[in-house]
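What the coordinates show
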Amino acid sequence: SSGDAVVGVDLNGNIEAWNKGAETLFGYSADDIIGKPKSILVPQDLRAEFDAQRPKILAGEIVRAESVRLSRDGRRIDIEFVDAPITDSFGATRGYSTIIRDISERAAARDHRQLLMRELAHRTKNQLAIIQSIAQQTRRNTSSLDGFIKAFNRRIQGLSACHYILAKQ
């Protein structure tokens with residue numbers, strides 16, 4: 001009944017358990033996917049990363065990470081997962097379980113923040129270049145430090161007023 005996808009995998013990497021959360025997230029019914037390799041959910045460009053995790057899990061390690069998986073219709077889904085070994089009463093690993101959560105909204109928000117930060121850095125760099133240019137032009141047209149400071153401050157205030165007008169619109 002978990003809202004997260006819960007997937008059981010055997011020692012060969014084949015899916016042997018598939019809950020309703022997995023059906024909802026990936027679009028496969030249990031009948032469609034049980035017995036198929038878990039790698040069916042992994043984009044080709046992430047197969048090496050995926051293949052490197054299985055030996056760690058089978059050796060007893062719990063693996064937590066964010067990645068991307070594929071839905072039945074080929075849509076890429078940003079996910080976070082926890083893979084943990086399943087052991088018998090003697091401690092022998094019999095397979096592993098994976099709990100998968102859709103983090104598409106969180107990943108989109110993170111990508112948007114990164115885009116905004118790059119844009120902010122770009123605009124800041126442009127503004128500093130403009131201020132540098134204003135300082136150079138002001139220096140050429142003034143003969144005293146007091147005159148420079150007054151003229152420079154007026155130009156910076158003018159730039160600020162332009163930004164205010166642009167931001168209002």
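Keep in mind that what you see is a predicted model, and the values were worked out from it rather than measured.

Each value, and the rule that gives it
- Residues numbered from 1 in each chain as written.
- Predicted model: local features only at pLDDT ≥ 70, side-chain atom pairs only at ≥ 80, totals over all residues.
- Heavy atoms only, no water.
- Helix = DSSP H or I, 4+ residues; strand = E, 2+ residues; numbered from the N terminus.
- Expected span 1.5 Å × (residues − 1).
- Buried < 20%, exposed > 50% of the residue type's maximum accessible area, 1.4 Å probe, protein only.
- Contact = heavy atoms within 4.5 Å.
- Axes fitted to C-alpha atoms, helices over the stretch in contact; angles between N-to-C directions.
- Left-handed = near helix turned anticlockwise from the far one by under 90°.
- Nonpolar A, V, L, I, M, F, W, Y, C, P; charged D, E, K, R; others polar.
- Salt bridge = Lys/Arg side-chain N within 4 Å of Asp/Glu carboxyl O.
- Pairing = 2+ DSSP bridges.

With that out of the way, let us pick up helix H4 (residues 104–140). Taking 1.5 Å of rise per residue, the 37 residues of H4 would be expected to cover 54 Å, and the 54 Å separating its terminal C-alpha atoms lies within 8% of that figure. Inspection of H4 places Ala-107, Ile-134 and Thr-138 among the buried residues, and these make up the whole buried set. Of the surrounding elements, those touching the buried residues of H4 are strand S4 (76–87) and helix H5 (145–168).

Before going further, it helps to spend a moment on the packing of H4 against H5. Put simply, H4 and H5 touch, their axes get as near as 9 Å, and they point 145° apart. The way H4 lies across H5 gives a crossing that is right-handed. Residue-level contacts link Gln-127, Ile-130, Ile-131, Ile-134, Ala-135, Gln-137, Thr-138 and Arg-139 of H4 to Phe-148, Ala-151, Phe-152, Arg-155, Ile-156, Leu-159 and His-163 of H5. Classifying every residue of the contact of H4 with H5 gives nine nonpolar, four polar and two charged.

Moving on: H5. With 24 residues, H5 should cover 34 Å at 1.5 Å per step; its first-to-last C-alpha distance of 34 Å lies within 8% of that length. If you check which residues of H5 are buried, you get Ala-151, Phe-152 and Leu-159. Of the surrounding elements, those touching the buried residues of H5 are H4.

Next up on the list: the pattern of salt bridges. Under the definition given, this model contains eleven salt bridges. Members of the salt-bridge network, linked through shared partners, are Asp-4, Glu-66, Glu-80, Arg-101, Arg-106 and Arg-110.

What follows concerns the pairing of S4. Across eight bridges, the pairing between strand S3 (residues 63–70) and S4 is antiparallel. Bridge pairing in S4 places Leu-70 opposite Arg-76. Here S4 runs beside strand S5 (residues 93–102); their pairing, made up of nine bridges, is antiparallel. Each bridged residue has a counterpart across the sheet, and for Ile-86 the counterpart in S5 is Gly-95. Taking the residues that link successive antiparallel strands as the turn, the S4-S5 hairpin has five residues, and the phi of Gly-91 there is positive, at about 90°.

Our next topic: the sheet that holds S3. Pairing within the open sheet is antiparallel, and its five strands lie in the order S2-S1-S5-S4-S3. Of all the strands in the sheet, the pair left with one neighbour each is strand S2 (15–18) and S3. When the angles between neighbouring strand axes are averaged without regard to direction, this sheet yields 30°. Set on the sheet, H4 makes contact with S3, S4 and S5; between it and S4 the angle comes to about 125°.

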